[in-house]
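Chain residues, written in single-letter form:
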Amino acid sequence: MKIVILDGYTINPGDLSWEKLELMCDKLTVFDATPQDKIVSRVGDAEIMMTSKCKITREIMKQCPNLRYIGSTATGYNNIDVKAASELGIAVTNIPAYASDAVAQHTFALILELTNSVGLHNESVHDGDWTDCKYFCYWKKPISLLAGKSLGIIGYGAIGRKVAEIAEAFGMKVNIYSRDPEATMKSDYVSLHCPLTEDNAKMVNAQFLVNMKPGAILINTARGGLVDERALADALKSGFIAAAATDVLEHEPPEASCPLLGLDNCIITPHLAWAPEDMRRQVIDVLAENLDSWLNGRVLNRVEDL
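Here's a quick rundown of the structure. (Residues numbered from 1 in each chain as written. Predicted model: local features only at pLDDT ≥ 70, side-chain atom pairs only at ≥ 80, totals over all residues. Heavy atoms only, no water.)

**Describing the packing of aromatic side chains**
- Applying the stated criterion across every chain yields a total of two aromatic pairs.
- Ring centres of tyrosine 69 and tryptophan 294 lie 5.0 Å apart, and the angle between their planes is 45°; on these two criteria the pair is classed as tilted. With tyrosine 69 in strand β4 (residues 69-72) and tryptophan 294 in helix α11 (residues 277-295), the pair connects residues that are 225 residues apart, well separated along the chain.
- Given the relative accessible area of 0%, tyrosine 69 is considered buried.
- Overall, the relative accessible area of 24% leaves tryptophan 294 in the partly exposed class.
- Judged by centre distance (5.4 Å) and plane angle (5°), the ring pair of phenylalanine 108 and phenylalanine 170 falls under stacked. Taken as a pair, phenylalanine 108 in helix α5 (residues 100-116) and phenylalanine 170 in the loop between α7 (158-169) and β7 (173-176) lie far apart in primary sequence, 62 residues in all.
- When its relative accessible area of 3% is taken as the criterion, phenylalanine 108 is described as buried.
- Look at phenylalanine 170 and you get partly exposed, because its relative accessible area is 35%. (Phe/Tyr/Trp six-rings, centres within 6.5 Å; stacked < 30°, edge-to-face > 60°. Helix = DSSP H or I, 4+ residues; strand = E, 2+ residues; numbered from the N terminus. Buried < 20%, exposed > 50% of the residue type's maximum accessible area, 1.4 Å probe, protein only.)

Shown next, in the form of structure tokens:
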């Protein structure tokens, strides 16, 4: 049995081991990343394909005649045509809810960078500003308090619940969109934690932003495709939205023309919320567990066509 991992670098850039998967097959081939036009040739006659970002279409599956199993190395699997896989007798699995703690933690890393500007002030001190200051303290940007502020959460799954717990520990009022859409939209912070679907693509559009509280802040650690980036950029430039912080963009890596790049009131991190070493090790563990389950006729984390 042959296993091909099409985009393994982000999971294991060299600090972890693929041993658990190596022991399960005759040959394991790991590519750091794979362009769309190289997928078929790289899968070749392998029975097992694993990927997180490659778009796996019906046509690609048909061109890989030995393919019997596709393992998503992420929670999301919208890059895989699950219906086609089911019709072609190809099993699909994913890694459910493995990064809830990590993504919730990063959500608040973004929020705290907006409220306290730790990076900015650290840089200022190292540049000598404090040494030259005649006062015992100073601040380059206003500092704001989270206690007493409201946080609206759109998507109240495992990650959304973790974010709510942290927010409450900070003394914030939590509004859940599925329970109270109006209160959520008028929150001081609105944080996205829902999956990307055909129905909610670019849900954060001009109308959505107009319905937010003036001066509010948008946080996105879910999927870049949820946001109309041009509409958000316009709202940020006008000042109607005070700031945004996102770990995800519509195109990753971003194109040079991305309208959010270069905006002073928009923090962007490179889709790393999920990526603590503990989480990446867990991904490899679950990939092996999922494959072992399938090989033994079970359905652990099996994704079904809905």
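**Quick notes on the sheet that holds strand β2 (residues 27-30)**
- Pairing is parallel in the open sheet, where five strands are placed in the order β2-β1-β3-β4-β5. Bordering the open sheet on either side are β2 and β5 (91-93), each of which pairs with just one other strand. Looking at each pair of strands side by side, their axes are set apart by 15° on average, direction ignored.
- Bridging between strand β3 (residues 48-51) and β4 involves four bridges; their strand directions are parallel. Of the residues in β4, the one forming a bridge with methionine 50 is glycine 71. (Pairing = 2+ DSSP bridges. Axes fitted to C-alpha atoms, helices over the stretch in contact; angles between N-to-C directions.)

**Things to note about the pattern of salt bridges**
- Enumeration over the complete set of coordinates arrives at ten salt bridges.
- Between aspartate 129 and lysine 140 there is a salt bridge, with the nearest N and O atoms lying 3.6 Å from each other. One end of the pair, aspartate 129, is in the loop between α6 (118-126) and β6 (150-154); the other, lysine 140, is in the loop between α6 and β6, with eleven residues separating them in the sequence.
- What makes lysine 140 partly exposed here is its relative accessible area of 46%. (Salt bridge = Lys/Arg side-chain N within 4 Å of Asp/Glu carboxyl O.)

**What about unusual backbone geometry?**
- Here glutamate 252 and proline 253 are connected by a cis peptide whose omega angle stands at 0°.
- When you line up the elements, proline 253 lands in the loop between β10 (243-246) and β11 (266-268).
- In this model, histidine 271 sits at a positive phi of 50°, which is unusual for a non-glycine residue.

**A look at the layout of surface pockets**
- Quantified by volume, the second largest pocket comes out at close to 310 Å³.
- Residue lining of the second largest pocket: 17 residues in total, with Glu113, Leu114, Ser117, Lys141 and Ile267 positioned closest to the centre.
- For the lining of the second largest pocket, the elements supplying multiple residues, two or more each, are α5 and β11.
- Ranked by residue count, the leading element in the lining of the second largest pocket is α5, at three residues. (1 Å grid on protein atoms, 1.4 Å probe; cavity = no way out; pocket = protein on both sides within 12 Å on 5 of 7 lines; lining within 4 Å. Points joined across faces, edges and corners; volume = space filled by probe spheres on them.)

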